[in-house]
Amino acid sequence: MATAPDKAVLLDHRGNLRPTQYMELNPDQARLGLAFHEAAHAVLAMTYGIHVTFSKVIDWEPEPGAYAVTGKTSFHGVNVDLWQFAEQCAAGEIAHEMYLMAYGLWTPERAAACTADHDREQAIDTLAGFGYLLGRDHTPAGGKSWNAIQSAASRQVGRMWPEIRTAAHAMSEHTQLTGEQIAAMTGLTNPPAPGAVA
């Protein structure tokens, strides 16, 4: 994609522009890294009973010679364990950093650029809407800390790494995958969409 996507694609759940960080990688490496990020969201969502509509990488040239990449995973679930929903939110940046390590690309600067605060904030806001307390840097009474969620998500990303890797490489090649395509290639089940008639 030579030109920037529609601005709405670049907004977080609050309607704010998601921050971008520079990562010194070539375009193919950067694209694959974002594919790992989105694939982790999709794979953990399915694993936790959340229907995935699609997952994709989006890349463009913000100016000649420059390169930008982001991604989006669309999902919907009802009666989902909200702590698991939060783990799904945390999975993207964890898989992104694991990709850097697995492919010999890790540096402290690149790892820092994997941070996805918008995913953390979506988890905090979503859980708060249901009365669950998720602390950014502490453990609130009766709740959990983001660190605890990241630890649980890291274990699950490690367990599901083969499925995440399969989906990531396919997404990098094809740009967008439906939930059904991800399920077919990984052997997972994409839960029915809420309200779907079997």
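For clarity, every value in this text was computed on a predicted model and none was experimentally measured. (Residues numbered from 1 in each chain as written. Predicted model: local features only at pLDDT ≥ 70, side-chain atom pairs only at ≥ 80, totals over all residues. Heavy atoms only, no water.)

A.B. asks: What exactly am I supposed to notice about the nonpolar core here?
C.D. replies: Generally speaking, nonpolar side chains in soluble globular proteins are found buried as a group. Grouped together as the largest cluster of nonpolar side chains are 52 residues, with contacts concentrated most on Leu134, Val157 and Ile164. Contributing elements (two or more residues each) for this core: α1 (27–47), β1 (51–60), α2 (82–102), α4 (117–128), α5 (146–159), α6 (161–174) and α7 (179–186). In terms of residue count, the dominant contributor to this core is α1 (12 residues). With residues up to four places along the chain from it excluded, the contact list for leucine 134 reads Trp83, Ala86, Ala123, Ile124, Leu127, Pro140, Lys144, Ser145, Trp146 and Ile149. (Core = buried A, V, L, I, M, F, W, Y, C linked by side-chain atoms within 4.5 Å. Buried < 20%, exposed > 50% of the residue type's maximum accessible area, 1.4 Å probe, protein only. Helix = DSSP H or I, 4+ residues; strand = E, 2+ residues; numbered from the N terminus. Contact = heavy atoms within 4.5 Å.)

A.B. asks: What should I look at first to understand the sheet that holds β1 in this one?
C.D. replies: By way of backbone hydrogen bonds, the strands of a sheet pair with one another, either parallel or antiparallel. Spatially, the 3 strands line up as an open sheet ordered β2-β1-β5, and their pairing is antiparallel. One side of each edge strand has no neighbouring strand; the edge strands of this open sheet are β2 (68–76) and β5 (176–178). Averaged over all adjacent pairs, the angle separating strand axes in this sheet is 5°, with direction ignored. Of the strands in this sheet, β1 and β2 are in contact with α1, which crosses β1 at around 170°. (Pairing = 2+ DSSP bridges. Axes fitted to C-alpha atoms, helices over the stretch in contact; angles between N-to-C directions.)

A.B. asks: Looking at this structure, I do not really get the pattern of salt bridges. What am I missing?
C.D. replies: Side chains that differ in sign of charge can pair as their charged atoms come close. Counted according to the given criterion, the structure contains 4 salt bridges. The residue arginine 31 makes a salt bridge to aspartate 59 at a minimum N-O spacing of 2.8 Å. With arginine 31 in helix α1 and aspartate 59 in strand β1, the pair connects residues that are 28 residues apart, well separated along the chain. Residue classification places arginine 31 among the buried residues on the basis of a relative accessible area of 11%. Looking at aspartate 59, the relative accessible area reads 14%, which means it is buried. Measuring nitrogen to oxygen at the nearest pair gives 3.6 Å for the salt bridge that ties aspartate 117 to arginine 120. Taken together, the residues aspartate 117 and arginine 120, both in helix α4 and 3 residues apart, mark about one turn of the helix. In this structure aspartate 117 comes out as partly exposed when scored by relative accessible area, which is 36%. (Salt bridge = Lys/Arg side-chain N within 4 Å of Asp/Glu carboxyl O.)

Purely geometric stuff here, so don't read any function into it on its own.
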